[in-house]
Amino acid sequence: MVVFLSLLLDLLAFTMILPLLPSLLDYYAQHDKGDGWYSMLQSGVNHFREFLGIPDTERYNSVLFGGIIGSLFSFLQFVASPVIGAASDVYGRRPLMMLTMVGITSSYVMWALSHNFQLFVLARIVGGISKGNVSLSTTIVTDVSTRKTRGKGMAMIGISFSLGFIVGPMIGALFARSAAAQGGAFYVQPALFALFLAAADVLFVYMYLDETLPEEKRAQSFGNSFKEAQNLINPVSLFCFSAVKKTTKKDMSMLRLLGFIYFLYLFIFSGLEFTLTFLVHKRFQYTSIQQGRMFVFMGLIMALVQGGFVRRIKPGKEKRMAVMGMVILMPSFLMIANATTTTLFYAGLALFAFASASVVPCMTTLVSVYGSADQKGTIMGIFRSLGALSRAFGPVVSSAVYWAYGASTCYIAGSILLVVPLLLFTMVKPQKMD
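Cut-offs and rules
- Residues numbered from 1 in each chain as written.
- Predicted model: local features only at pLDDT ≥ 70, side-chain atom pairs only at ≥ 80, totals over all residues.
- Heavy atoms only, no water.
- Helix = DSSP H or I, 4+ residues; strand = E, 2+ residues; numbered from the N terminus.
- Buried < 20%, exposed > 50% of the residue type's maximum accessible area, 1.4 Å probe, protein only.
- Contact = heavy atoms within 4.5 Å.
- Patch = residues over 30% accessible without salt bridge, like charges linked within 9 Å, V, L, I, M, F, W, Y side chains within 5 Å.
- Areas by Shrake-Rupley, 256 points an atom, 1.4 Å probe, with all protein chains shown as cover.
- Salt bridge = Lys/Arg side-chain N within 4 Å of Asp/Glu carboxyl O.
- Expected span 1.5 Å × (residues − 1).
- Phe/Tyr/Trp six-rings, centres within 6.5 Å; stacked < 30°, edge-to-face > 60°.

Novice: So what's going on with the overall build of the protein? Which residues, and what values?
Specialist: In terms of helices and strands, the protein carries 18 helices and zero strands. Considering only C-alpha atoms, the protein reaches an extent of 55 × 40 × 40 Å along its principal axes. Taken over 434 residues, the protein has a buried fraction of 57%. In the protein, of all internal contacts separated by at least 6 residues, the share reaching a separation of at least 24 is 83%.

Novice: Residue-level account of a nonpolar patch on the surface, with values.
Specialist: A surface patch of nonpolar side chains, amounting to about 470 Å² of accessible area, comprises L203, Y206, M207 and Y208. When you line up the elements, M207 lands in helix α9 (residues 188-208).

Novice: Go over unusual backbone geometry, please, and point to the residues and values.
Specialist: Even without being glycine, F241 reaches a positive phi, approximately 50°. Inspection of the secondary structure assignment puts F241 in the loop between α11 (235-239) and α12 (249-283). The backbone of Q285 sits at a positive phi, close to 55°, despite the residue not being glycine. Turning to its location among the elements, Q285 is positioned in the loop between α12 and α13 (288-308).

Novice: Which residues make up helix α14 (residues 318-338), and what values go with them?
Specialist: Spanning 21 residues, α14 covers 31 Å between terminal C-alpha atoms, matching the ideal 30 Å at 1.5 Å per step. Restricting attention to buried positions, one finds in α14 the residues E318, M321, A322, G325, M326, L329, M330, S332, F333, I336 and A337. Each element contacted by the buried residues of α14 is listed here: α12, α15 (342-368), α17 (407-417) and α18 (419-425).

Novice: Residue-level account of the environment of D374, with values.
Specialist: Of note, D374 is situated in the loop between α15 and α16 (376-405). When the C-alpha positions of D374 and M335 are compared, they lie 45 Å apart, and in sequence the two are 39 residues distant. When sequence neighbours within four positions are dropped, the list of residues in contact with D374 reads D89, K217, R218, A219 and K246.

Novice: If you had to explain helix α1 (residues 2-15) to someone new, which residues and values would you point to?
Specialist: In this model α1 runs 20 Å from its N-terminal to its C-terminal C-alpha over 14 residues, within 8% of the 20 Å that 1.5 Å per residue would give. Of all 14 residues that make up α1, 10 are buried, and the element is covered over most of its length. Of the residues making up α1, those classed as buried are V3, F4, S6, L7, L8, D10, L11, L12, A13 and T15.

Novice: Break down the packing of aromatic side chains for me, citing the residues and quoting the values.
Specialist: Per the counting criterion, the structure on display carries 24 aromatic pairs. When the centroid spacing of 6.1 Å and the interplanar angle of 75° are considered together, the rings of F333 and Y411 count as edge-to-face. Remark: Y411 occurs in helix α17 and F333 occurs in helix α14; sequence separation between them is 78 residues. For Y411, a relative accessible area of 0% gives the class buried. Joined through ring pairs, the aromatic side chains of Y27, Y28, F117, F120, F186 and Y187 make up one cluster.

Purely spatial values, then, with no claim about function.
Below is the structure:
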């Protein structure tokens, strides 16, 4: 319950920015003139556009900008997550959790002060480096659960994500509208409230989170050689789970396969998920409030699926549920691609939310059964890092395709490409429960 409430506070703060991002980039486009970072990025985009021979479509520029910012945040998560996970195997979960939460709080201080694009980017950098708390939360659930109850624990983490998506974006949009009506910088109020939530989370974790990894079960060292340290940040080593020791050849083979599938799936999913706010901003002229309502709709479906369905899945049935989610996502992308009315768009969004609520929690449960107690943090950190790596490339690639060819082509391509991780999933043979 402590992990659930901590994640909920964190995700309420984290999701507040989602409906604001298109407007934030428009704001910096108007206010960050001259030699600022926004102008430098604009110059780079112009050179890239000219190199590819793409027409200058100003209304799509913010989509590409947003993809670059989103990818930067996730790339830093990719670097930090396995290191934080491995460190928690040595020093314990609680100190590392406190460290990441303090870093996240600092990022919201910088966001509240981001009167220019440079400060906003720096805030995202600090936030990305500090975002190892989610992988630590899954590790803590793994520590305190059995194989038969672990699926319910992962579903509770999923529910915290759903509730965060229900409330956080709407709070951010409401604060932004209030600030805009008062004539101030619209991002300051949501940033300050995110700071308040993050500070409350730090205090809550300090008071109530107990250590879940006893000293006698901890790893003896963080890494005695450059090669061991490299295993935690080298992409090839991460895909190979090279930092994981004391496991059978069969288990290692399954870990690598699951990690690769997870990367491919999230590469496609995260890219199209990221462009949703830009799609409705451009196609339907949604305001921040309307985008907030869109996230509420998605979050409600996710919460219902995870609370009423995913957490009740019997051990050993996670693969079937994950495959179902991927299959459902294909028509979802096609419906969103061709949606000219909000009715069709929301129908596609409902299927999208179902997949979002089912695939990742089930895959996390499948991975969490592997490894000994002193390797759980490393395994979950690597798994989370592969997801962050996919989110580092997914948004920028999807945004570039969206920018160059339009939303419909982008989402149709995503639907077709989902066949690849789906076929690979047929090769997965989950480890049997004890």
